[in-house]
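Reading the structure
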Amino acid sequence: RTVYVNGEYLPETEARISIFDRGFLFADAVYEVTSVLGGKMIAFDGHAERLKRSLSELDMDNPISTEDLLEVHRELVRLNGIDEGLIYLQISRGAASDRDFAFPDPDEVKPTVVLFTQSKPGLAETVRPMKVISIDDIRWGRRDIKTVQLLYPSMGKMMAKAAGADDAWMVEDGYVTEGTSNNVYIVKDGKIITRALSNDILHGITRAAVLRYAEEAQMEVEERNFTIEEAQNADEAFFTSASAFVMPVVQIDDKKLGGGEPGRVALRLREIYLDESLKTAV
Ligand code: PLP
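Bear in mind the structure is a predicted one, so any value in this text is a computation, not a measurement. (Residues numbered from 1 in each chain as written. Predicted model: local features only at pLDDT ≥ 70, side-chain atom pairs only at ≥ 80, totals over all residues.)

For the ligand, the set of nearby residues contains 13 residues, the closest of which are Leu202, Gly204, Ile205, Thr206 and Ala242. Counting only elements with at least two residues in the shell around the ligand, the list comes to α5 (205–216) and β13 (236–241). Broken down by element, the shell around the ligand gets its largest block of residues, three residues, from α5. For the shell around the ligand, a count of residues per class yields four nonpolar, seven polar and two charged. (Near = placed C-beta within 6 Å. Helix = DSSP H or I, 4+ residues; strand = E, 2+ residues; numbered from the N terminus. Nonpolar A, V, L, I, M, F, W, Y, C, P; charged D, E, K, R; others polar.)

Along the chain, the position of alanine 168 falls in strand β8 (residues 167–172). The buried category is assigned to alanine 168, around which 25 C-beta atoms lie within 10 Å. Residue contacts for alanine 168: discarding those within four places in its chain leaves Val132, Ile133, Ile135, Gly156, Lys157, Met159, Ala160, Gly179 and Thr180. (Buried ≥ 20, exposed ≤ 12 C-beta atoms within 10 Å, placed from the backbone. Contact = placed C-beta atoms within 7 Å.)

Okay, the nonpolar core next. Within the largest apolar cluster, 60 residues are counted, with the highest numbers of intra-cluster contacts made by Val132, Tyr185, Ile186, Ala237, Phe238, Val246 and Val249. In terms of residue count, the dominant contributor to this core is strand β14 (residues 245–252) (six residues). Two domains share this core, each providing at least three of its residues, namely domain 1 (2–119) and domain 2 (130–279). Apart from residues lying up to four places away in sequence, valine 132 is in contact with Ala160, Ala165, Asp166, Asp167, Ala168, Trp169, Gly179, Val249, Gln251 and Ile252. (Core = buried A, V, L, I, M, F, W, Y, C linked by C-beta atoms within 7 Å. Domains from an automatic or database assignment.)

Let us look at the sheet that holds strand β5 (residues 85–92). Spatial ordering of the open sheet is given by β2-β1-β6-β5-β3-β4, a layout of six strands whose pairing is antiparallel. At either end of the open sheet lies a strand with only one pairing partner, and these are β2 (8–11) and β4 (40–41). (Pairing = 2+ DSSP bridges.)

Take the domain arrangement of the chain next. Assigned domains of the chain: these are domain 1 (2–119) and domain 2 (130–279). Just the C-alpha atoms count here: the centres of domain 1 and domain 2 sit 26 Å apart. At the junction of the two partners, domain 1 supplies 21 residues and domain 2 supplies 13 residues. Examining the composition of the side of domain 1 that touches domain 2, we find that eight residues originate from one element, strand β3 (residues 29–37), more than from any other.

As structure tokens, this is what we get:
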């Protein structure tokens with residue numbers, strides 16, 4: 001596989017970054033994951049905009065223009081022959097000359113930019129009814145910034161796996177925040193309910209698109225908190241992310257939803273999302 005590191009396209013085995021890179025030492029880095037369908041990037045502009053916001057919230061210089069970034073995405077898709085898959089992009093504050101908590105002077109370090117592709121044939125066709133467990137949300141308070149601090153979400157995935165489930169929904173002060181790597185929704189009496197945006201959750205690019213399409217299709221949307229108990233008593237549940245699109249959830253802890261079958265609203269939204277987002281793929 002060919003990867004991109006700081007302006008160069010290299011075989012993955014030849015790509016190198018410093019052991020003093022702050023992404024490695026301090027998780028001082030932000031990232032984006034964009035899906036590729038039919039060799040084109042889905043919701044590219046949304047991801048590019050959120051990347052800029054993440055960088056600016058952390059006082060990091062933006063080392064690459066949106067046009068250049070798109071060019072790198074396209075070149076990696078071409079070099080790796082990606083039809084369906086994902087592109088991972090990470091920008092760290094760079095490698096300072098030594099390990100020091102304080103941010104280095106921006107004139108002395110260059111951000112590290114890394115991109116690589118993951119081929120996932122069948123990504124758009126794969127609908128897997130998901131089982132989730134609930135776990136405490138003990139992450140930091142700026143989940144709206146897409147940083148690479150992903151240890152707790154990784155542990156959450158392992159807790160889910162150990163319980164025979166696929167993912168974990170995190171709960172804070174009695175209310176569901178989000179999944180380990182997705183935004184979450186319930187449906188009751190035809191109404192789609194999802195937590196409102198704040199610093200408590202990532203502002204999902206897929207979430208924004210799905211809510212827009214839902215409203216265009218005259219579906220009712222309510223942005224508010226909900227508990228695990230309310231979710232367990234909902235008609236259906238689902239989650240969204242750039243890599244899973246819209247994915248039905250059929251079990252929350254010990255409670256099955258919709259007799260274990262994917263919900264109609266989730267499946268319809270998935271279809272609309274895939275149709276509509278392909279129209280604006282670049
Ligand atoms: N919430 C978290 C914690 C995530 O990590 C992600 C995606 O990685 C999402 C939500 C979904 O965001 P998006 O739709 O932009 O992929």
